[in-house]
2 protein chains.
Amino acid sequence: MNPPPDQIAFLLACDRLKAVQRTTFLHDGSRAENSAEHSWHLALMALTLAEHAPIGMDLNRVIRLLLVHDLVEIHAGDLHFDAPDADHAAQAQAEERAAHALYGLLPDDQQADFHALRSEFEARLTPEARFARALDALQPMLLTWGEGGLGCTGRAPELTASRVLRLKESALRDFPALWTLAQEIVSGAVRAGTLPP
Amino acid sequence: MNPPPDQIAFLLACDRLKAVQRTTFLHDGSRAENSAEHSWHLALMALTLAEHAPIGMDLNRVIRLLLVHDLVEIHAGDLHFDAPDADHAAQAQAEERAAHALYGLLPDDQQADFHALRSEFEARLTPEARFARALDALQPMLLTWGEGGLGCTGRAPELTASRVLRLKESALRDFPALWTLAQEIVSGAVRAGTLPP
């Protein structure tokens, strides 16, 4: 049986995630990262840092969650992690509508699978969703302030080391290896002068 | 235990895949696709078209193969599928060297895992590698000549429908659903005037 036209329409619609710009820049500072390549980088991080996930975690599920976690941005756009609470609430509603528009392109049985991946990621109820979200919190820190990173003082002058750690802690503290790494990245950036203390 | 610095150095080196330009353009024709977002799109295709894989295939393995299959392009660059044979041979050597340079950043035990993924993909010996390669052959066709696609006559004027199918057949013919879809994409492009017959 051929792939039904709706699966193909969905995959073509998903091409537009490559045009969604994030606030994070690539590590060399050359341009903003887009959400498609970000999703790839997260899946690769999951594969590379697998040994730092809690024992028993389903890494394949983590990878699937990461591959689809930003798809709703095709309609709803990306939001900076330091945006006001009201913006986060409005964004959540926009993403809910976006999920129905985008997944609605798929055959019925498959819509449920994609909605389930999104709900799991958003609800943070499973270890897999929490690990996926921890990687999602860590990856922009790595690009921005990891070894050789240029920081983002020009783009986000209000960010300080303590503010970054306060905003990232809830996503990362359950995974000591990742949380320690995040703290080391921030200390390194302060030493390098790319992030105010 | 913290992620060792070599895993982090590897993940930062991999950021450069986002700067490797492919000859394929995004579906809207706005720019060339890069190899990182291409890898994401392939993994998403595997997830979406899973039901068209032969029964018993390990889809999680397919996704892992696709996530890493282009990493060597960070050092070796991308090559068009219609390039001369000599270029393909030189490219294979360059990619072998690239794999050792890039995976050499990783801890020893993990280098073997990444080399194994690459060897499996290159050797086409497993059903998972063949399905991954079939998706890799299909995805640029979808972007270029799928519904609404703009074709590439300006960039590759020598390409014809029969030449595209001849070049793609070996990767696709073992998967009837994908091969039929490829043929339909090409017929549609000929009808739309975006690909000479």
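Reading the values: the criteria
Residues numbered from 1 in each chain as written. Chains lettered and ligands numbered in written order. Predicted model: local features only at pLDDT ≥ 70, side-chain atom pairs only at ≥ 80, totals over all residues. Heavy atoms only, no water. Least-squares fit on C-alpha atoms with pLDDT ≥ 70 in both. Contact = heavy atoms within 4.5 Å. Buried area = accessible area lost by both parts, 1.4 Å probe. Salt bridge = Lys/Arg side-chain N within 4 Å of Asp/Glu carboxyl O. Polar contact = N/O pair within 3.5 Å; in protein donor to acceptor, adjacent residues only side chain to side chain. Helix = DSSP H or I, 4+ residues; strand = E, 2+ residues; numbered from the N terminus. Nonpolar A, V, L, I, M, F, W, Y, C, P; charged D, E, K, R; others polar. Pairing = 2+ DSSP bridges. Core = buried A, V, L, I, M, F, W, Y, C linked by side-chain atoms within 4.5 Å. Buried < 20%, exposed > 50% of the residue type's maximum accessible area, 1.4 Å probe, protein only. Phe/Tyr/Trp six-rings, centres within 6.5 Å; stacked < 30°, edge-to-face > 60°. pLDDT = per-residue confidence, 0-100. Patch = residues over 30% accessible without salt bridge, like charges linked within 9 Å, V, L, I, M, F, W, Y side chains within 5 Å. Areas by Shrake-Rupley, 256 points an atom, 1.4 Å probe, with all protein chains shown as cover. Lys, Arg positive; Asp, Glu negative; His and termini not counted. Charge placed at Lys NZ, Arg CZ, Asp CG, Glu CD.

### Digging into the relation of the copies chain B and chain A
By a simple turn and slide, chain B fits onto chain A: the slide is 0.0 Å along the axis, the RMSD is 0.0 Å, and the turn is 180°. Here the transformation between the copies is reduced to the relation of a two-fold axis. A share of 100% of the interface residues of chain B reappears at the interface of chain A, consistent with the copies meeting face to face through the same patch.

### What about the interface of chain B and chain A?
If you look at the interface, chain B gives 51 residues, while chain A gives 51 residues. The junction of chain B with chain A conceals about 4,400 Å² of combined surface from both sides, 67% of it contributed by carbon and sulfur atoms. When the buried surface of chain B facing chain A is broken down by residue, Leu11, Lys18 and Trp40 of chain B rank first, second and third, together holding 17% of it. At the boundary of chain B with chain A, the tally comes to 2 salt bridges. Linking Glu33 of chain B and Lys18 of chain A is a salt bridge whose minimum nitrogen-to-oxygen distance equals 2.7 Å. Taken together, the connections running from chain B to chain A amount to 26 residue pairs in polar contact (both at pLDDT 80 or more). Secondary structure elements with two or more residues in the side of chain B that touches chain A: helix H1 (5-14), strand E2 (32-34), helix H2 (35-48), helix H3 (59-68), helix H6 (108-123), helix H7 (127-145) and helix H9 (176-192) of chain B. At 10 residues, H2 of chain B tops the list of elements feeding residues into the side of chain B that touches chain A. Residue classes in the side of chain B that touches chain A are distributed as 29 nonpolar, 13 polar and 9 charged.

### Examining the pairing of strand E1 (residues 21-25) of chain A
Each regular strand displays side chains that alternate between the two surfaces of the sheet. Residue and element names in this part refer to chain A. Sheet analysis places E1 next to strand E2 (residues 32-34), joined by 2 bridges and oriented antiparallel. Note that in E2 the partner of Gln21 across the bridge is Asn34. Two successive antiparallel strands, E1 and E2, enclose a turn made up of 6 residues, where Gly29 displays a positive phi of approximately 75°.

### So, the side chain of Arg133 of chain A
Residue and element names in this part refer to chain A. You can see Arg133 is positioned in helix H7 (residues 127-145). Within the local environment of Arg133, its side chain forms a polar contact with the backbone oxygen of Phe121, the two atoms lying 2.9 Å apart. Once residues lying within four places of it in the same chain are set aside, the contact partners of Arg133 are Phe121, Glu122, Arg124 and Ala171.

### Describing the nonpolar core
Of all hydrophobic cores here, the largest spans 132 residues; its most connected members are Leu71 and Leu135 of chain A together with Leu71 of chain B. Discounting residues that sit within four places of it in the chain, Leu71 of chain A has contacts with Phe10, Cys14, Leu17, Leu102 and Tyr103 of chain A together with Trp40 and Leu44 of chain B.

### Examining the packing of aromatic side chains
Aromatic ring pairs are described here by two measures, namely the spacing of the ring centres and the angle between the planes. Using the criterion set out here, one finds 8 aromatic pairs over all chains in the structure. Between Phe10 of chain B and Tyr103 of chain B the ring centres are 6.4 Å apart and the planes differ by 55°, which places this aromatic pair in the tilted class. Of the two residues, Phe10 of chain B is situated in helix H1 and Tyr103 of chain B in helix H5 (residues 85-103); the sequence distance between them amounts to 93 residues. When its relative accessible area of 0% is taken as the criterion, Phe10 of chain B is described as buried. An angle of 65° between the planes, with centres 5.2 Å apart, marks the rings of Phe10 of chain B and Phe114 of chain B as edge-to-face. One end of the pair, Phe10 of chain B, is in helix H1; the other, Phe114 of chain B, is in helix H6, and 104 residues separate them in sequence. When sorted by exposure, Phe10 of chain B lands in the same class as Phe114 of chain B, which is buried. Each residue in the set Phe10, Tyr103 and Phe114 of chain A is aromatic and connected to the rest through ring pairs, giving one cluster.

### Observations regarding the pattern of salt bridges
Close approach of charged atoms lets side chains of opposite charge pair. Under the defined criterion, the tally for this structure stands at 18 salt bridges over all chains. The partner of Arg118 of chain A in a salt bridge is Glu96 of chain A, with the nearest N and O atoms 2.8 Å apart. Of the two residues, Arg118 of chain A is situated in helix H6 (residues 108-123) and Glu96 of chain A in helix H5 (residues 85-103); the sequence distance between them amounts to 22 residues. Residues Lys18 of chain B and Asp15 of chain B are paired through a salt bridge, measuring 2.5 Å at the closest nitrogen-oxygen approach. Among the ionic contacts, a cluster of salt bridges with common partners joins Glu95, Glu96, Arg118, Glu122 and Arg133 of chain A.

### Remarks on helix H3 (residues 59-68) of chain A
Most of H3 of chain A is tucked away, with 7 of its 10 residues classed as buried. Among the residues of H3 of chain A, those classed as buried are Leu59, Val62, Ile63, Leu65, Leu66, Leu67 and Val68 of chain A. Close packing links the buried residues of H3 of chain A with helix H2 (35-48), H5, H6 and H7 of chain A together with H2 and H3 of chain B. Where H3 of chain A begins, one side-chain oxygen reaches toward the backbone nitrogen of Asn60 of chain A, 3.1 Å away; that side chain belongs to Asp58 of chain A.

### Observations regarding the environment of Arg97 of chain B
Looking at where Arg97 of chain B falls in the secondary structure, it is placed in helix H5. Considered as a pair, Arg97 of chain B and Gly148 of chain B are 51 residues apart in the sequence and their alpha carbons are 39 Å apart.

### Focus: the confidence of the model for chain A
In the predicted model, chain A carries a mean pLDDT of 94, and the fraction of residues at 70 or more is 99%. What the predictor reports for the complex is a pTM of 0.96 with an ipTM of 0.95.

### What to know about a negative patch on the surface
A cluster of acidic side chains, namely Glu51 of chain A together with Asp108, Asp109 and Asp113 of chain B, defines a negative patch on the protein surface. Secondary-structure assignment places Asp108 of chain B in helix H6. Note on Asp108 of chain B: relative accessible area 66%, which makes it exposed.

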